[in-house]
Amino acid sequence: MRSEPSSSEPSYAVVWPLARSTNPVVTLNERLPDPESKRIGFVWDHVFRGDEMYAIIEAELAERYPTMTFAPYTAFGNIHGEDEPQVFAALPDRLRAEEVDAVIVGVGA
Amino acid sequence: MRACRTAEETGVPALAVVASGYIRQAHASARALGIDGVWITKYPGVIPTDSRDHLEKKVRDVVVSDLLQGFEAPIDATTETAVEPAPHEIVFTGSLDQVQQHFHDELWSDGLPVLPW
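Residues numbered from 1 in each chain as written. Chains lettered and ligands numbered in written order. Predicted model: local features only at pLDDT ≥ 70, side-chain atom pairs only at ≥ 80, totals over all residues. Heavy atoms only, no water.

**A few points about the overall build of chain B**
Cut-off, in case you're wondering: Runs of H or I in DSSP of at least four residues are treated as helices and runs of E of at least two as strands, each being numbered from the N terminus. Atoms counted for the radius of gyration: C-alpha only. Globule rule: 2.2 Å times residue count to the power 0.38. Relative accessibility thresholds used throughout: buried, under 20% of the residue-type maximum; exposed, over 50%; partly exposed, between the two (1.4 Å probe, protein chains only).
Along the backbone of chain B there are five helices and three strands. In chain B, the succession of helices and strands from N to C terminus is α-β-α-β-α-α-β-α. Relative to the globule expectation of 13 Å for 117 residues, the C-alpha radius of gyration of chain B, 18 Å, shows a markedly less compact shape. Put simply, chain B has 117 residues, and 40% of those count as buried.

**A look at the overall build of chain A**
For chain A, the helix and strand inventory stands at two helices and five strands. The helix and strand sequence of chain A, counted from the amino end, reads β-β-β-α-β-α-β. Compactness check: chain A gives a C-alpha radius of gyration of 22 Å against a globular reference of 13 Å for 109 residues, more than 25% above the reference. With the C-alpha coordinates of chain A rotated into their principal frame, the extents come out at 70 × 35 × 30 Å. Counting only residues that meet the buried cut, chain A has 42% of its 109 residues in that class.

**Examining the side chain of asparagine 78 of chain A**
Residues and elements named next belong to chain A. Just so we agree on the cut-off: Side-chain atoms alone can form a polar contact between residues adjacent in sequence; in general such a contact is a pair of N or O atoms within 3.5 Å, and within protein one must be able to donate a hydrogen while the other accepts it.
Assignment of secondary structure puts asparagine 78 in the loop between β4 (69-71) and α2 (84-98). When its relative accessible area of 19% is taken as the criterion, asparagine 78 is described as buried. At 2.8 Å, the side chain of asparagine 78 forms a polar contact with the backbone nitrogen of histidine 80. At 3.4 Å, the side chain of asparagine 78 forms a polar contact with the backbone nitrogen of glycine 81.

**Here's the deal with the nonpolar core**
Convention followed: Note on terminology: a nonpolar core comprises buried Ala, Val, Leu, Ile, Met, Phe, Trp, Tyr and Cys residues joined through side-chain atoms within 4.5 Å. Contact definition: two residues touch when any of their heavy atoms are within 4.5 Å.
Counting residues in hydrophobic clusters, the biggest one holds 29 residues, and the most contacted among them are Ile40, Met53, Ile57, Leu61 and Ile104 of chain A together with Val59 of chain B. Among the secondary structure elements, those contributing two or more residues to this core are β3 (39-44), α1 (50-64) and β5 (102-108) of chain A together with β1 (14-19), β2 (39-43) and α3 (52-72) of chain B. It is α3 of chain B that provides the largest number of residues to this core, a total of seven residues. Other than its neighbours up to four places away in sequence, valine 59 of chain B contacts Met53, Ile56 and Ile57 of chain A together with Tyr43 and Val64 of chain B.

**Description of the sheet that holds β3 of chain A**
Threshold: When DSSP finds two or more bridges between a pair of strands, those strands are recorded as paired. Only the stretch in contact is used when fitting a helix axis, every axis being a line fitted to C-alpha atoms; angles between N-to-C directions are given from 0 to 180 degrees.
The five strands are arranged β4(A)-β3(A)-β5(A)-β1(B)-β2(B) in an open sheet whose pairing can be described as parallel. Each edge of the open sheet is held by one strand with a lone partner, namely β4 of chain A together with β2 of chain B. This sheet shows a mean twist of 25° between the axes of neighbouring strands, independent of strand direction. As judged from the three bridges shared by β3 of chain A and β4 of chain A, these two strands associate in the parallel manner. Paired with glycine 41 of chain A across the strands is alanine 71 of chain A, a residue of β4 of chain A. Contacts from helix α2 (residues 23-32) of chain B reach β1 and β2 of chain B, with the element oriented near 165° to β2 of chain B.

What follows is the structure in structure tokens.
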């Protein structure tokens, strides 16, 4: 920061404090304005009771959208396990194979 | 959040579920990963200590409704087109207190004081 003297409280200028981003911006995909008949995948890091949550979420969504289908978290592997690099490498193919229209990813805590 | 990025890169919209105490960190991670604007659904509270009944109620009453909002929410195009400032570009001007608050608000600091040099 560089101080700029003033008659009262000093004012300070702050230069950009972060390093240059190394990840390019990803254009986000349109979500599901019409969820009926869509297929939802569950992707889990195998912690924080995601299995319990996903079962409840699936039941609630199925009740609201009877034609919605679901791909279980077992289809995608543990994204936080000992074989994490392999799971991430295979994830695009698994998402395509399951033909999901959206995924719910959890659980962060 | 990395799985969200992978999904989005694959053409699949992703919605994250994050406990309330980690929402800001999740947004910061999303920004760092280039997926600022990804939908982050909040689970209210501390997951490991919630009873089964509490967890079920929170998921039904809060998480599911927030996910449904996420399904319908349009993508915020402004987050995708934001240009990163240059290394020495001035991004804020203010008093010392204002600088501290701005660093806190932007998640540029872990709370320790920021002082001029």
